[in-house]
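Given next are the chains, with one letter for each unit.
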Amino acid sequence: MRVIAGTYRSRILKSLKGLALRPTSDRLRETLFNVLAPNIAGSRFVDLFAGTGAIGIEALSRGAAEVVFIENHPPAATLIRRNLESLGVNTGVTVLAVDALRGLAMLATRKMEAAPGFDYVFLDPPYAAAEEYARVLEFLGSATLLAPGAIVVAEHRRNFDLCEEAGTLRRFRVLRTGRRRPEFLPP
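Residues numbered from 1 in each chain as written. Predicted model: local features only at pLDDT ≥ 70, side-chain atom pairs only at ≥ 80, totals over all residues. Heavy atoms only, no water.

Engineer: Break down the overall build of the chain for me, citing the residues and quoting the values.
Structural biologist: For the chain, the helix and strand inventory stands at five helices and nine strands. Element order for the chain, N to C, with α for helix and β for strand: α-β-α-β-α-β-α-β-α-β-β-β-β-β. The 187 residues of the chain split such that 51% are buried. The contacts of the chain with a sequence gap of at least 6 include a subset with a gap of at least 24, amounting to 63%. Roughly 8,700 Å² of accessible area belongs to the chain as shown, and the carbon and sulfur atoms make up 52% of that amount. (Helix = DSSP H or I, 4+ residues; strand = E, 2+ residues; numbered from the N terminus. Buried < 20%, exposed > 50% of the residue type's maximum accessible area, 1.4 Å probe, protein only. Contact = heavy atoms within 4.5 Å. Areas by Shrake-Rupley, 256 points an atom, 1.4 Å probe, with all protein chains shown as cover.)

Shown next as structure tokens:
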């Protein structure tokens, strides 16, 4: 697995052995960031269910000002820290080793303390945890965590039907690539 473009282009990222993580493929990351690229520079980004941190690191590489990685699996949270360390990244990043909803609640509290909202949230829960999509999207659709014009991207299996609406979020674009499908939901 490697960083596709930007400051850390072609740098290798480590993953956990076995089936504990299902990293987003290079091809899908490239497609996703080709769509998002014009607005990534200077943005605030949340990588939920971050796994290896590849999505958030790609955002950093392309100029995101801040990335928050939320990952509940302790070995994966440690891996994210190691991947950031291997790239020499030590500012503009936060790794929260907590459940997705708890991490979002922490960020929402921080936002109420005058921190600006987030421009992008990427979520890719384990496919076996399908209920996580609804829980997280409902939270995002009802919280004041997102900046005006923010985009929420939900990656999921091709044969999984994601809800059309969640609170203030409405689906507006679906990309189909291979067996995965990211959907874009603005508030």
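Engineer: Residues and numbers for empty space enclosed by the protein, please.
Structural biologist: This model, assessed by the stated rule, comprises one cavity of 30 Å³ or more. Taken as a whole, the largest cavity holds about 30 Å³ of empty space. Taken together, L32, L36, F45, Y120, V121, F122, I151 and V153 make up the full set of residues lining the largest cavity. Counting residues per element, the ones that place at least two in the lining of the largest cavity are α1 (26–36), β4 (118–123) and β5 (146–157). With three residues, β4 is the largest single contributor of residues to the lining of the largest cavity. Each residue belonging to the lining of the largest cavity can be placed in one class, and the counts come to eight nonpolar, no polar and no charged. (1 Å grid on protein atoms, 1.4 Å probe; cavity = no way out; pocket = protein on both sides within 12 Å on 5 of 7 lines; lining within 4 Å. Points joined across faces, edges and corners; volume = space filled by probe spheres on them. Nonpolar A, V, L, I, M, F, W, Y, C, P; charged D, E, K, R; others polar.)

Engineer: Break down the packing of aromatic side chains for me, with residues and values.
Structural biologist: For the coordinates displayed, the defined rule picks out two aromatic pairs. Each residue in the set F33, F45 and Y120 is aromatic and connected to the rest through ring pairs, giving one cluster. Lying across the ring of F118, R44 places its NZ or CZ 4.0 Å from the centre. (Phe/Tyr/Trp six-rings, centres within 6.5 Å; stacked < 30°, edge-to-face > 60°. Lys NZ or Arg CZ within 6 Å of the ring centre and 35° of its normal.)

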